[in-house]
Amino acid sequence: MSRQLTFSIFRYNPNDPSSAPRMQEYTLNESTGMTIFVALNQIREEQDPSLNFDFVCRAAICGSCAMVINGRPRLACKTLTKDFKDTITLMPLPVFKLVGDLAVDTGTWFRHMSLKTESWIHTNKKFDPIAQEDRMDNEVALNIYESERCIECGCCIAGCATANIREEFLGAAGINRVGRFMVDPRDERSDMEYFEVIGSDEGAFGCMGLMACDDNCPMGLPLQLQLAFVRRKITMAGLKS
Amino acid sequence: MQSSLFSTYGYARRLLIKIITKGESHASTEVTHKNPRAELYYDIVELFTGLTLVGFLWTHMIFVSTILLGTEVYDILAAGLDDYYLSYIGIPFIIIVAIMHVLSAGRRIPTRYQEQKVIWRHAKMLKGTDTWVWIFQVITGVSILALGAIHVFVVLAQWPIDAAISTERMTAFWWFYLVLLLLGEYHAGFGIYRQFVKWGWFPRRPLGFVCKVITTIILGLGFAASGYLMHWEVPYEQLSDYNH
Ligand code: HEM
Ligand code: SF4
Ligand code: SF4
Ligand code: FES
């Protein structure tokens with residue numbers, strides 16, 4: 001006998017003046033291996049075609065299906081219904097602009113963050129398409145890869161109290177991004193240049209160390225250690241120059 | 001009431017910003033003229049004052065618990081700190097460090113009503129996160145500021161310290177000390193944990209465990225010391241005048 005699940009879902013269309021924010025309930029039978037993503041699609045197909053939510057890859061790769069599931073920011077496609085009691089509450093991620101119901105616009109935020117942190121390799125070397133690529137230590141490569149695993153889902157931002165109060169705060173995703181370039185030997189930015197990017201309350205010093213980011217990252221990035229690493233580096237940079 | 005407390009606080013904080021930025025920070029030129037390292041200095045001040053205060057609190061509790069070795073030991077230690085002027089250097093030093101700590105760590109307290117509302121809503125919606133730990137950190141911080149000031153004032157009013165006077169105070173105000181002990185150790189225990197989390201090389205779980213163990217030991221010492229003080233029968237000739 002399969003369980004009957006009740007979904008309590010946030011509904012609001014900011015583009016419709018007659019729409020007011022409310023919670024709406026849906027019931028459906030749980031199937032084996034059901035994820036929140038599967039359940040939402042079933043609701044949309046069978047009960048309510050107007051329900052808004054995002055997804056692309058349904059395999060924890062694209063980062064578009066993040067939402068607040070029973071009080072925690074999670075990926076809908078990676079979260080199994082069997083881990084919860086009979087009632088599941090779904091809210092859109094805070095901080096980001098609401099598109100409608102559960103869909104939020106994380107793209108604008110992350111684009112802003114990428115520009116702010118100048119997320120590209122800064123180098124004076126001329127690119128030679130024929131030459132062999134420079135070699136890199138395996139350890140360094142793995143280090144870079146570890147932070148590159150971020151899928152820009154926004155869970156760390158939504159869970160972060162600081163990001164909720166301060167619009168400019170770059171959050172764990174932003175600090176992690178800077179850390180990624182700091183360990184990359186191809187990036188020729190000086191300590192002071194990094195300091196300018198992130199040596200303020202918008203960046204490394206705004207973080208209060210509450211670790212909601214570390215708790216919530218669906219990719220399991222080592223955000224605590226990465227944040228502390230950047231904090232120490234940036235502090236030394238600020239003190240030296 | 002809460003918001004007026006916070007805005008007094010906001011004033012003191014702006015004063016500190018002025019000092020740190022050497023007065024360069026005026027509202028309209030905030031962005032262009034602000035000392036670019038102000039927030040770095042803030043964070044460093046927060047770190048070192050925090051560590052110093054936790055160190056003080058733990059040392060202090062170890063000193064208080066020398067009472068367990070007997071009232072003579074307690075009296076000799078208290079007199080020794082007094083004779084060598086350690087109290088006269090130490091107490092003002094700690095008071096200054098405490099003020100700097102309040103101003104630097106407190107810069108994160110949401111001063112605007114709007115921000116406070118966001119924090120509450122956030123903590124309620126995202127249940128079970130460390131946000132609550134932080135809210136308690138603010139509440140305990142503000143409380144021990146008040147309680148600690150009263151305590152220091154009372155101790156200084158009956159200077160010097162000896163076991164007989166401490167016993168009187170402890171017997172009369174044990175409930176006050178119980179609250180101060182619990183809030184103070186909570187604040188210190190989580191405070192040092194979070195500083196290590198923010199700056200350190202060690203993962204959180206073992207760190208949290210170590211901090212909890214130390215806090216438990218210190219709390220145990222505190223309970224034992226206050227229990228000892230309260231049960232000690234002060235010899236008649238050592239009773240202070242106002243108790244006769
Ligand atoms: C700055 C100078 C300070 C001095 C000289 C001092 C001295 C003492 C003494 C002698 C006692 C034993 C009871 C008594 O005689 O009243 C005591 C107890 C206590 N003090 Fe302080 N104290 C100082 C600051 C602080 C601060 C800033 C805090 C907390 C933020 C604090 C927290 C406590 C607590 C919790 C107890 C109770 C200990 C127990 O339960 O055994 N003290 N202090
Ligand atoms: S540790 Fe820092 S970045 Fe992470 S949730 Fe807390 S304040 Fe935000
Ligand atoms: S760091 Fe983790 S939680 Fe934050 S955006 Fe990247 S994958 Fe998502
Ligand atoms: S749909 Fe791509 S991460 Fe969930």
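Everything numeric here is computed off the predicted structure, so don't read it as measured data.

(A) Layout of the sheet that holds strand E4 (residues 72-75) of chain A. Residues and elements named next belong to chain A. Ordered by their spatial adjacency, five strands build an open sheet running E2-E1-E5-E3-E4, and the pairing between neighbours is mixed. Each end of this open sheet is capped by a strand with a single partner; those strands are strand E2 (22-29) and E4. Shown here is a sheet whose adjacent strand axes are inclined to one another by a mean of 35°, direction ignored. Examined bridge by bridge, strand E1 (residues 4-11) and E2 share eight bridges and lie antiparallel to one another. When the sheet's bridge partners are listed, phenylalanine 10 is paired in E2 with methionine 23.

(B) Representation of the pairing of E1(A). Residue and element names in this part refer to chain A. Across the eight residues of E1, seven count as buried, placing the element largely inside the fold. As paired elements, E1 and strand E5 (residues 87-91) share four bridges and run parallel to each other. Residue pairing in the sheet places serine 8 in a bridge with threonine 89 of E5.

(C) Spotlight on the interface of chain A and chain B. Tallying the contact residues gives 37 residues for chain A and 32 residues for chain B. Counting each side, the surface lost to burial between chain A and chain B is near 3100 Å², with a carbon and sulfur contribution of 59%. At the surface where chain A touches chain B, the tally comes to three salt bridges. Residue Asp215(A) is joined to Arg204(B) by a salt bridge in which the shortest nitrogen-to-oxygen separation is 3.0 Å.

(D) Looking closely at the site of ligand 1. Residues and elements named next belong to chain B. Surrounding ligand 1, one finds 19 residues, the nearest of these being His60, His151, Ser166, Tyr177 and Gly222. Taking histidine 60, its side chain carries an N or O atom lying 2.7 Å from a nitrogen atom of ligand 1. Listing elements by their share of the shell around ligand 1, those giving two or more residues are helix H3 (38-64), helix H7 (131-157), helix H8 (163-199) and helix H9 (204-231). Among the elements that line the shell around ligand 1, the one with the most residues is H8, at six residues.

(E) Representation of the site of ligand 2. In the region of ligand 2, the neighbouring residues are Cys160(A), Thr162(A), Phe169(A), Ala172(A), Cys207(A), Met208(A), Gly209(A), Leu210(A), Met211(A), Ala212(A), Cys213(A) and Leu227(A). In terms of residue class, the shell around ligand 2 is built from 10 nonpolar, two polar and no charged.

(F) Quick look at the coordination of the iron atom of ligand 1. All names here are of chain B. Within the protein, His60 (NE2) and His151 (NE2) serve as the donor atoms for the iron atom of ligand 1, at 2.0 to 2.1 Å. Geometry at the iron atom of ligand 1 is octahedral, judged from the six donor atoms that bind it and their angles of 80 to 179° at the metal. With histidine 60 in helix H3 and histidine 151 in helix H7, the pair connects residues that are 91 residues apart, well separated along the chain.

(G) The confidence of the model for chain B, seen in detail. Residue and element names in this part refer to chain B. Chain-level pLDDT for chain B is 79 on average; 79% of the residues reach the 70-or-more range. Looking across chain B, the model is least confident in helix H2 (residues 30-33), with a mean pLDDT of 46, and most confident in H3, with 91. Note that residues 1-5 has pLDDT below 50 and, in this model, two contacts with residues that lie over four places away or in other chains. Under a pLDDT of 50 for its full length, residues 23-33 has, in the predicted model, nine contacts with residues more than four places off or in other chains. Scoring of the predicted complex yields 0.81 for pTM and 0.81 for ipTM.

(H) Looking closely at the packing of H3(B) against H8(B). Residue and element names in this part refer to chain B. The contact between H3 and H8 brings their axes to 10 Å, and the two run at 135°. Judged by the inter-axis angle, H3 sits oblique to H8. Pair H3 / H8 crosses with left-handed handedness. From H3, Asp43, Glu46, Leu47, Leu51, Val54, Leu57, Trp58 and Met61 reach across to H8, where they touch Leu181, Gly184, Glu185, Ala188, Ile192, Gln195, Lys198 and Trp199. Split by residue class, the contact of H3 with H8 holds 10 nonpolar, two polar and four charged.

(I) Region of the structure containing unusual backbone geometry. Backbone geometry places Arg58(A), a non-glycine residue, at a positive phi of 45°. Residue position: Arg58(A) is located in the loop between helix H1 (36-46) and strand E3 (66-69).

(J) Local environment of the pattern of salt bridges. Residues and elements named next belong to chain A. For the structure shown, the criterion picks out 19 salt bridges over all chains. Across the salt bridge formed by lysine 82 and aspartate 83, the nearest N and O atoms sit 3.9 Å from each other. By relative accessible area, lysine 82 is classed as exposed at 60%. Members of the salt-bridge network, linked through shared partners, are Glu148, Arg180, Asp184 and Arg186.

Reading the values: the criteria
- Residues numbered from 1 in each chain as written.
- Chains lettered and ligands numbered in written order.
- Predicted model: local features only at pLDDT ≥ 70, side-chain atom pairs only at ≥ 80, totals over all residues.
- Heavy atoms only, no water.
- Pairing = 2+ DSSP bridges.
- Helix = DSSP H or I, 4+ residues; strand = E, 2+ residues; numbered from the N terminus.
- Axes fitted to C-alpha atoms, helices over the stretch in contact; angles between N-to-C directions.
- Buried < 20%, exposed > 50% of the residue type's maximum accessible area, 1.4 Å probe, protein only.
- Contact = heavy atoms within 4.5 Å.
- Buried area = accessible area lost by both parts, 1.4 Å probe.
- Salt bridge = Lys/Arg side-chain N within 4 Å of Asp/Glu carboxyl O.
- Near = heavy atom within 4 Å.
- Polar contact = N/O pair within 3.5 Å; in protein donor to acceptor, adjacent residues only side chain to side chain.
- Nonpolar A, V, L, I, M, F, W, Y, C, P; charged D, E, K, R; others polar.
- Donors = N, O, S within 2.8 Å, 3.2 Å for Na, K, Ca; no water.
- Tetrahedral: all angles 85-135°; square planar, octahedral: opposite > 155°, others 65-115°.
- pLDDT = per-residue confidence, 0-100.
- Parallel < 35°, antiparallel > 145°, perpendicular 65-115°, else oblique.
- Left-handed = near helix turned anticlockwise from the far one by under 90°.

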